[in-house]
Amino acid sequence: MSEILCFLEAHNGAITALATVLIAAFTIVLAVVSNRQARLIEDQARIARNEFIVTHRPKIIVRAFQMLNPDAGVGVAPRVIFIAHNIGDSPARIIEVRSATLVQDINANLPNDLGFPFLENFHVTLVSGQKEVFPINGADPFVENEAMEIFARRSMLLCLGIVAYLDGAGTRRETGFCRRFMSDAREWSTLRDSEYEYAY
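Caption draft 1: Up close: the confidence of the model for the protein. Averaged over the protein, the pLDDT score is 87; the fraction of residues at 70 or greater is 90%. For the protein, helix H1 (residues 2-10) is the element with the lowest average pLDDT, namely 67, and strand S2 (residues 80-86) is the one with the highest, namely 97.

Caption draft 2: Focus on empty space enclosed by the protein. Using the criterion set out here, one finds 1 cavity of 30 Å³ or more in the structure. Quantified by volume, the largest cavity comes out at close to 40 Å³. In this structure, the largest cavity is lined by Ile-106, Ile-150, Arg-153, Ser-155, Met-156, Phe-181, Met-182 and Ser-183. Contributing elements (two or more residues each) for the lining of the largest cavity: strand S6 (155-166) and strand S7 (172-182). For the lining of the largest cavity, the per-class residue count stands at 5 nonpolar, 2 polar and 1 charged.

Caption draft 3: Layout of the side chain of His-85. Checked against the element boundaries, His-85 lands in strand S2. The exposure class assigned to His-85 is buried, which follows from its relative accessible area of 15%. Excluding residues that lie within four positions of it along the chain, His-85 makes contacts with Lys-59, Ile-60, Ile-61, Arg-63, Gly-129, Gln-130 and Lys-131.

Caption draft 4: Spatial organisation of the packing of aromatic side chains. The full count for this structure, using the stated rule, is 9 aromatic pairs. Joined through ring pairs, the aromatic side chains of Phe-65, Phe-82, Phe-122, Phe-134, Phe-177, Phe-181 and Trp-188 make up one cluster.

Caption draft 5: Molecular detail of the pairing of S6. For S6, a buried count of 12 out of 12 residues is recorded, marking the element as mostly surrounded by other parts of the structure. What you see with S6 is no split at all: Ser-155, Leu-157, Cys-159, Gly-161, Val-163 and Tyr-165 on one side and Met-156, Leu-158, Leu-160, Ile-162, Ala-164 and Leu-166 on the other are buried throughout. Across 12 bridges, strand S3 (residues 92-105) lies against S6 in antiparallel orientation. Bridging from a neighbouring strand, Ala-100 pairs with Leu-160 of S6. Relative to S7, S6 runs antiparallel, the two sharing 10 bridges. Considered in S7, the bridge of Tyr-165 is made with Arg-173. Here S6 hands over to S7 after 5 residues, with Gly-170 in that stretch at a positive phi of 85°.

Caption draft 6: Quick look at the pattern of salt bridges. According to the stated counting rule, one finds 7 salt bridges in the structure shown. Asp-167 is the partner of Arg-173 in a salt bridge, and the nearest nitrogen-oxygen pair spans 3.2 Å. The pair Arg-173 / Asp-167 is uniform in exposure class, with both members buried. Note that Arg-172 is salt-bridged to Glu-174, the shortest N-O span being 3.3 Å. Residue Glu-174 is classed as buried on the basis of its relative accessible area of 11%. In the salt-bridge network here, residues are joined through shared partners; they are Glu-96, Arg-98, Arg-172 and Glu-174.

Parameters at a glance
- Residues numbered from 1 in each chain as written.
- Predicted model: local features only at pLDDT ≥ 70, side-chain atom pairs only at ≥ 80, totals over all residues.
- Heavy atoms only, no water.
- pLDDT = per-residue confidence, 0-100.
- Helix = DSSP H or I, 4+ residues; strand = E, 2+ residues; numbered from the N terminus.
- 1 Å grid on protein atoms, 1.4 Å probe; cavity = no way out; pocket = protein on both sides within 12 Å on 5 of 7 lines; lining within 4 Å.
- Points joined across faces, edges and corners; volume = space filled by probe spheres on them.
- Nonpolar A, V, L, I, M, F, W, Y, C, P; charged D, E, K, R; others polar.
- Buried < 20%, exposed > 50% of the residue type's maximum accessible area, 1.4 Å probe, protein only.
- Contact = heavy atoms within 4.5 Å.
- Phe/Tyr/Trp six-rings, centres within 6.5 Å; stacked < 30°, edge-to-face > 60°.
- Pairing = 2+ DSSP bridges.
- Salt bridge = Lys/Arg side-chain N within 4 Å of Asp/Glu carboxyl O.

So, in structure tokens, the structure goes:
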């Protein structure tokens, strides 16, 4: 026993240095393992969050269109607002609204190649059940006798557009709309079988 004590006393500095190196190595290994475990937990949380978003995604519907100037005449653009409503289970961040108006003969078929060059950027988050009013600012002014033709029901005023939004995972989703203004009743109706009405 005394020989061991003598050895330890004689090599005290070397043993302390070796112990310090071993503790440092253990600390480094522990830090690496802890960081890796933290990354794995973060990955699991992200996967769980994405699975939740996929199964409980947001869903924006549009409704309650309203013409603010139903008596607009030549040279005046129709002013329209609508409500975007999140009926999904998770938040949606609305990032843009594309819109346009179109006046055409009441019996004409709706063209299938319309674009919406007017774009407004937004940063509005709607939680589940929340709604917000948005403007349709891509309307063209009435020309010639368009307003009278709409009132007489020989032409129809169409309001078309897209609401683009992001879910919690950053996936872009869209809701398209196409509504017809009934001037005499001052109401908006959905065009049946319109390819501009969609959601994904």
